[in-house]
There are 2 protein chains.
Amino acid sequence: MSGHGASGPIGRPRGEIIAVGTELLTGQTLNTNAAWLSRRLAEAGVDVLFHTAVGDNLERLQATFSLAAGRSDVVVVTGGLGPTEDDVTREALALFAGRPLVKDRAALENVRRFFARTGRPLLPINVRQAEVLLESRVLPNDVGLAAGFAFDVGGTHFIVLPGPPREMQVMFERYARSELLAWLAGRGWTIQPLFHRFLHFAGIGESAVADRLADLIRHQTDPTIAVYAEPGHVLVRLSTRRPDERQAAEALEPLMDAIVARLKGHYFGEGEALTLAEAVIGRLKGQGLTLAVAESCTGGRILDALIAVPGASAVVRLGVLPYQTPMKAAVLGLDADGLAEHGAVSAWAAEAMARAVRRLSAAEVGLATTCVAGPEPQEGRPVGEGYIGLAVADRVWSLAVRADGDRNLIRQRIADQALFALFRAVAPSSEPDGENSDRKGEERE
Amino acid sequence: MSGHGASGPIGRPRGEIIAVGTELLTGQTLNTNAAWLSRRLAEAGVDVLFHTAVGDNLERLQATFSLAAGRSDVVVVTGGLGPTEDDVTREALALFAGRPLVKDRAALENVRRFFARTGRPLLPINVRQAEVLLESRVLPNDVGLAAGFAFDVGGTHFIVLPGPPREMQVMFERYARSELLAWLAGRGWTIQPLFHRFLHFAGIGESAVADRLADLIRHQTDPTIAVYAEPGHVLVRLSTRRPDERQAAEALEPLMDAIVARLKGHYFGEGEALTLAEAVIGRLKGQGLTLAVAESCTGGRILDALIAVPGASAVVRLGVLPYQTPMKAAVLGLDADGLAEHGAVSAWAAEAMARAVRRLSAAEVGLATTCVAGPEPQEGRPVGEGYIGLAVADRVWSLAVRADGDRNLIRQRIADQALFALFRAVAPSSEPDGENSDRKGEERE
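Per an unreviewed UniProt entry, chain A goes by the name Putative competence-damage inducible protein and belongs to Hydrogenibacillus schlegelii. Comment text from UniProt for chain A, heading Sequence similarities (unreviewed entry), reads "Belongs to the CinA family."

Below, the structure is given as structure tokens:
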């Protein structure tokens, strides 16, 4: 089996993405569409060789389309299909292709329905959004007004999509992808589908992960391994082109097992968009455990991440943010003398907070943070120093932690460490956590 | 005075940005450098007309440089200056310009110092990072290894910068900007500096703001007005090119006053990166008021935003997230019969929570949210419905709110509405809030 997964007229098809909009060139808007479309084209077996951003200008648009037609097999154009005079992508395509624009009946009906639904009058400028190139294949817009379309010029396939990311993405997923795959197949490019696995690791940096997998990464052809830094954790993506899911699983699963074994104690789950908070909620819910959290310096970071997970309400009972020190005594009932003796940023306080919030809520698990987020040191402790407290049934302990960065990076990093400590603390007994024992030195029981 | 602020050989200089790196074309990395550089070039008076992203490929890089030289006055190239064989930007520039690469003595010294400091051996591949084009002006890298440089080819000015955003930004700010301005001045483009004001508005959408300012925006030359949707609020940026700050203030301040007057009741402050949470903390601190917050569905969104503001600890006393309904009685002391009668998502509950969290903390101000974030309806109420409770001294009231979107958009939007309601509720008496009275119909006292 070929490691490239594509065979066609001349190797793999070459592609490029043209994003239209003056707001990109002023730096007002980030060109996220180019990155998103690049991943989708790669999945379809197209090598993306250029991204271009160009303004809403007839002459420069035509020049950009001509250049692209001369060097690419597939060109995806996105943006400039709005209703106003500024939006001239359609007109530029018509001039470039030498074909007129025509109103598409179904697209016009879509525009009419939209205005009927909202009770607003249909304006002549909106009718433009139902225009497509003569003899193009129309791509319906299920979540907006502007129709997309696809056509060929001299052997190059153009796919034209709206600029708002949601409209662009829905149109691509529902209509443009299959249109593209059919075109590629018709040209003799039979592309095997791309299959992925996404593995997530915490408590370790991106470069340390890459280093531990260096020999696997070095000579990869298929499957490929890519390491990404996600907010708060590291994502490893494995990819293979195979005829079907069964063969993909045969190629990917032994590699997954090898990678997880090498990074034992850092793995927290699988799935494209998995977050540490989701993994925590999933693990607690799986064991029927409820949680209460007391956050001091992280101030809402942990609870916000947990409550963002749909279904969190079955797990998270209570959050308390005793942000000013006297509140730790008044609301959580911490001993004022103990607080004065040990300080609000101490292992003692972290443990007392975890114990107290668990008791107050009658949850099975209590988690607490206390740290110096800055900008100023506190109680003689430097910025970035802190403690994580855990209370699981009758066992209460804490971990000393440190984080670098500005105030909000410190808050985020200590929140991430707390979530991962919690994830490890509630490992099911059937799944002993290989590295827990390494941490004993930091724990106080 | 010219409305364009630039005068030179032929109008304003044309610019483009070329970002080099295969990771951009695979969609792994967002091209944030292009957006950042576009803003800096605009400030220098350069019209950016194209962004291109191209991979680490000698042939395609040369073609891209030739195209750019043929159509632009200023070309900024970023990326591909790393130490490995993949990084060929320098070699492609040498081939394109027909000039050899030479080692720069100061850049080499910078590389040597870096390796001496870290105690690692200097490898031959790192010496490449001290190479620049013969007879170019070297741009030092104070925070990394790769030197940048600037040179001319046939009337076009090329500025070459490293790809890592921090290195690129520091090099631009410290060396490339002045180098560019000197080049522009030498060519007869005398650019007046650009001055901005940033005004922030909440409780109103981007298009409504644009609509109310439509006549001001339509015929603008200088100052210019731009409307941006920021997370949770709307930003209006005013810009002018003037010789100095005093003349800029004369041009901008009457316009600011006019805009704030038109959007009365929505304005919450000035400054490039101001957030609603900062404005709230600033207003409370200015009046010596402290705050306690009880969040239900927004679950940490409000507290996280507030505590992200440096100095929040002088204002925020306590947060309570009684996420499961029984916690509202157990921790905040809400009346269980009242809860059963009115429901956890009710004006009654929002007011009782605000009152209770204020009392529990002895803060001057209490804020509370309760809503249905979804995915499921709750107590027969639809997703997106909710209430904001406010307790300021002895006055307690609530607002009914609604938000669209998925779970986390709803949480975010209700958090934003709550922060803005709080901002208005604590307006200093010297600054009567013109629209507060409009809202009376929604309030229950």
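Counting 86 residues, the largest nonpolar core has Leu291, Leu306 and Leu367 of chain A together with Leu291, Leu306 and Leu367 of chain B as the members making the most contacts within it. Not counting chain neighbours up to four residues away, the residues in contact with Leu306 of chain B comprise Ala277, Val280, Ile281, Leu291, Val293, Ala312, Val316 and Leu419 of chain B. Grouped together as the second largest cluster of nonpolar side chains are 40 residues, Ala344 and Ala363 of chain A together with Leu318 and Ala363 of chain B included.

Turning next to the relation of the copies chain B and chain A. Superposition record for chain B on chain A: RMSD 0.9 Å, screw rotation 179 degrees, translation along axis 0.8 Å. Those values place the two copies in the arrangement expected of a two-fold rotation axis. Comparing interface residues between copies, 100% of those in chain B also sit at the interface in chain A, which points to an isologous, same-surface contact.

A cis amide bond links Gly374 of chain A to the next residue, Pro375 of chain A, at an omega of 10 degrees. Inspection of the secondary structure assignment puts Pro375 of chain A in the loop between strand E17 (365-371) and strand E18 (385-392). Phi is positive for Ala362 of chain B, close to 60 degrees, though the residue is something other than glycine. Positive phi values are uncommon outside glycine, yet Ala393 of chain B reaches one of about 55 degrees. In this fold, Ala393 of chain B is placed in the loop between strand E18 (385-392) and strand E19 (395-402). Taking the relative accessible area as the measure of exposure, Ala393 of chain B reaches 42% and is therefore partly exposed.

Turning next to the interface of chain B and chain A. Of the residues lining the interface, 57 residues belong to chain B; the matching set on chain A comes to 57 residues. Taken together, the two surfaces of chain B and chain A that pack against each other cover about 4600 Å², and 58% of this comes from carbon and sulfur. Looking at the side of chain B facing chain A, the largest losses of area belong to Ile307, Arg317 and Gln324 of chain B, adding up to 13% of the total buried there. Viewed at the interface, chain A and chain B are joined by 4 salt bridges. The tally of links from chain B across to chain A stands at 23 residue pairs in polar contact (both at pLDDT 80 or more). Of the residues forming the side of chain B that touches chain A, the biggest block, 7 residues, is contributed by strand E3 (residues 47-54) of chain B. Its residues assigned to classes, the side of chain B that touches chain A comprises 31 nonpolar, 18 polar and 8 charged. Bridge count for strand E3 (residues 47-54) of chain A against E3 of chain B is 5 bridges, and the pairing is antiparallel. Residue pairing in the sheet places His51 of chain A in a bridge with Ala53 of chain B of E3 of chain B.

The next thing to look at is helix H5 (residues 105-118) of chain A. Residues and elements named next belong to chain A. In a regular helix each residue adds 1.5 Å, so 14 residues correspond to 20 Å; H5 covers 20 Å between its end C-alpha atoms and thus fits that length. By the burial criterion, the buried members of H5 are Ala107, Leu108, Asn110, Val111 and Phe115. One side of H5 carries all its buried residues, which in axial view fall inside an arc of 155 degrees. Exposed side of H5, more than 90 degrees from the buried face: Arg105, Ala106, Ala116 and Arg117 are the residues found there. Check the buried side of H5 and you find it contacts strand E5 (101-103) and helix H6 (124-127). Where H5 begins, the capping side chain belongs to Asp104, and its oxygen is found 3.3 Å from the backbone nitrogen of Ala106. Downstream of H5 by a residue or two, Gly119 has a phi angle that is positive, lying close to 75 degrees.

Evaluated as defined, the whole model comprises 40 salt bridges over all chains. With a shortest N-O distance of 2.1 Å, Glu173 of chain A and Arg177 of chain A are connected by a salt bridge. Placement of the pair is Glu173 of chain A and Arg177 of chain A together in helix H7 (residues 165-186), with a separation of 4 residues, close to one helical turn. Looking at Glu173 of chain A, the relative accessible area reads 39%, which means it is partly exposed. Among the residues examined, Arg177 of chain A registers a relative accessible area of 22% and is labelled partly exposed. Between Arg137 of chain B and Glu179 of chain B there is a salt bridge, with its nearest N and O atoms 2.7 Å apart. In this pair, Arg137 of chain B is assigned in strand E7 (residues 137-139) and Glu179 of chain B in helix H7 (residues 165-186), connecting sequence segments 42 residues apart. For Glu179 of chain B, a relative accessible area of 14% gives the class buried. Among the charged side chains, a salt-bridge network with shared partners connects Arg40, Glu43, Glu173 and Arg177 of chain A.

Residues and elements named next belong to chain B. In contact at an axis separation of 12 Å, helix H2 (residues 32-43) and H7 are set at 20 degrees when each is read in the N-to-C sense. Here H7 runs roughly parallel to H2, going by the angle between their axes. Considering the relative orientation of H2 and H7, their crossing is right-handed. Contacts between H2 and H7 pair Thr32, Asn33, Trp36, Leu37, Arg40, Leu41 and Glu43 from the former with Pro165, Met168, Gln169, Phe172, Glu173, Arg177 and Leu180 from the latter. Looking at the contact of H2 with H7 residue by residue, the class counts come to 7 nonpolar, 3 polar and 4 charged.

On to the UniProt feature "domain: MoaB/Mog" (unreviewed entry) in chain A. The positions UniProt marks with the feature "domain: MoaB/Mog" (unreviewed entry) are residues 16-182 of chain A. Annotated as residues 16-182 of chain A, this span is 45% helix and 23% strand, and its ends, taken at the C-alpha atoms, are 18 Å apart.

Here we take up the sheet that holds strand E14 (residues 267-270) of chain A. All names here are of chain A. If you trace the 4 strands from one edge of the open sheet to the other, you get E12-E13-E11-E14, paired in antiparallel fashion. If you trace the sheet from one side to the other, it starts and ends with strand E12 (224-230) and E14, each paired once. Neighbouring strand axes in the sheet, compared pairwise and without regard to direction, differ in orientation by 25 degrees on average. Pairing of strand E11 (residues 194-201) with strand E13 (residues 233-241), which is carried by 8 bridges, proceeds in the antiparallel orientation. From the neighbouring strand, Leu199 faces E13, where its bridge partner is Val236. On the sheet, helix H10 (residues 245-262) packs against E11, E12, E13 and E14 and is oriented at approximately 20 degrees with respect to E11.

Residue and element names in this part refer to chain B. The sheet built from 4 strands is open, its strands ordered E12-E13-E11-E14 with antiparallel pairing. Each of the sheet's edge strands pairs with one partner strand only, and the pair in question is strand E12 (224-230) and strand E14 (267-270). Strand-to-strand, the axes of this sheet are offset by a mean angle of 25 degrees, without reference to chain direction. Here 7 bridges tie E12 to strand E13 (residues 233-241), and the two strands are oriented antiparallel to one another. In the strand pairing of E13, Ile225 is matched with Leu238. Together, strand E11 (194-201), E12, E13 and E14 form the strand contacts of helix H10 (residues 245-262), whose direction differs from that of E11 by roughly 20 degrees.

To continue, consider the side chain of Arg40 of chain A. With respect to the secondary-structure elements, Arg40 of chain A resides in helix H2 (residues 32-43). Ignoring anything within four residues of it in the chain, the contact list for Arg40 of chain A reads Phe172, Glu173 and Arg177 of chain A.

Each value, and the rule that gives it
- Residues numbered from 1 in each chain as written.
- Chains lettered and ligands numbered in written order.
- Predicted model: local features only at pLDDT ≥ 70, side-chain atom pairs only at ≥ 80, totals over all residues.
- Heavy atoms only, no water.
- UniProt positions renumbered as here; feature names shortened; annotations may be inferred.
- Core = buried A, V, L, I, M, F, W, Y, C linked by side-chain atoms within 4.5 Å.
- Buried < 20%, exposed > 50% of the residue type's maximum accessible area, 1.4 Å probe, protein only.
- Contact = heavy atoms within 4.5 Å.
- Least-squares fit on C-alpha atoms with pLDDT ≥ 70 in both.
- Helix = DSSP H or I, 4+ residues; strand = E, 2+ residues; numbered from the N terminus.
- Buried area = accessible area lost by both parts, 1.4 Å probe.
- Salt bridge = Lys/Arg side-chain N within 4 Å of Asp/Glu carboxyl O.
- Polar contact = N/O pair within 3.5 Å; in protein donor to acceptor, adjacent residues only side chain to side chain.
- Nonpolar A, V, L, I, M, F, W, Y, C, P; charged D, E, K, R; others polar.
- Pairing = 2+ DSSP bridges.
- Expected span 1.5 Å × (residues − 1).
- Arc of directions from axis to C-beta.
- Axes fitted to C-alpha atoms, helices over the stretch in contact; angles between N-to-C directions.
- Parallel < 35°, antiparallel > 145°, perpendicular 65-115°, else oblique.
- Left-handed = near helix turned anticlockwise from the far one by under 90°.

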